[in-house]
Amino acid sequence: MPGGHLEPQDATLHDAALRELTEETGIARESVTSVSGRPVHIDTHPIPANDAKGEPGHQHIDFRFLFRTAADVRELQVEEVTDFAWRDALTLADERLRQRVRSGIR
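Residues numbered from 1 in each chain as written. Predicted model: local features only at pLDDT ≥ 70, side-chain atom pairs only at ≥ 80, totals over all residues. Heavy atoms only, no water.

Before going further, it helps to examine helix α2 (residues 95-104). Buried within α2 we find Leu 97, Val 101 and Gly 104. Taken end-on, α2 shows its buried residues confined to a sector of 65°, consistent with a single buried face. Along its buried surface, α2 packs onto β2 (41-47), β3 (58-64) and β4 (67-69). Between a side-chain oxygen at the N-terminus of α2 and the backbone nitrogen of Arg 96 the separation is 3.0 Å; the capping residue is Asp 94. (Buried < 20%, exposed > 50% of the residue type's maximum accessible area, 1.4 Å probe, protein only. Helix = DSSP H or I, 4+ residues; strand = E, 2+ residues; numbered from the N terminus. Arc of directions from axis to C-beta. Contact = heavy atoms within 4.5 Å. Polar contact = N/O pair within 3.5 Å; in protein donor to acceptor, adjacent residues only side chain to side chain.)

Here we come to a nonpolar patch on the surface. Residues Leu 6, Leu 13, Ile 42, Ile 61 and Phe 63 make up a contiguous nonpolar surface patch of about 440 Å² in total accessible area. If you trace the backbone, Ile 61 turns up in strand β3. (Patch = residues over 30% accessible without salt bridge, like charges linked within 9 Å, V, L, I, M, F, W, Y side chains within 5 Å. Areas by Shrake-Rupley, 256 points an atom, 1.4 Å probe, with all protein chains shown as cover. Salt bridge = Lys/Arg side-chain N within 4 Å of Asp/Glu carboxyl O.)

The subject of this paragraph is the nonpolar core. Counting residues in hydrophobic clusters, the biggest one holds ten residues: Ala 17, Leu 18, Leu 21, Ile 27, Val 32, Phe 65, Phe 67, Val 73, Leu 76 and Val 81. Take this core: its biggest share by element is three residues, from helix α1 (residues 13-25). If we skip the residues at most four places from it in the chain, Ala 17 touches Phe 65 and Phe 67. (Core = buried A, V, L, I, M, F, W, Y, C linked by side-chain atoms within 4.5 Å.)

Our next topic: α1. The end-to-end C-alpha distance of α1 is 18 Å, a good match for the 18 Å that 13 residues give at a rise of 1.5 Å each. Most of α1 sits inside the fold, with ten of its 13 residues counted as buried. All of the buried residues in α1 are His 14, Ala 16, Ala 17, Leu 18, Arg 19, Glu 20, Leu 21, Thr 22, Glu 24 and Thr 25. Where the residues of α1 are buried, they touch β1 (32-34) and β4. (Expected span 1.5 Å × (residues − 1).)

This is the structure in structure tokens:
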């Protein structure tokens, strides 16, 4: 899943998710529509300290949004994406995320 961090120009979490999606995949913003302005899933997990970045251990929160695209996506932006695959929602390991994605794509 494309992801990233909030930037000062992001007015909302949704704006940040859309910006990261287009930056990381190269899919044009005008080819993307949001299923909902609200996250379909929120995941919190620990991040260990990273001495190279001078970051202490901390909790990381992922806000996951669901988007649709009308673009014919066969190859994504190679500068950002090294490996990708289209997957059926049934293959998502997290049960809550799987249910919400399936509900959103109906």
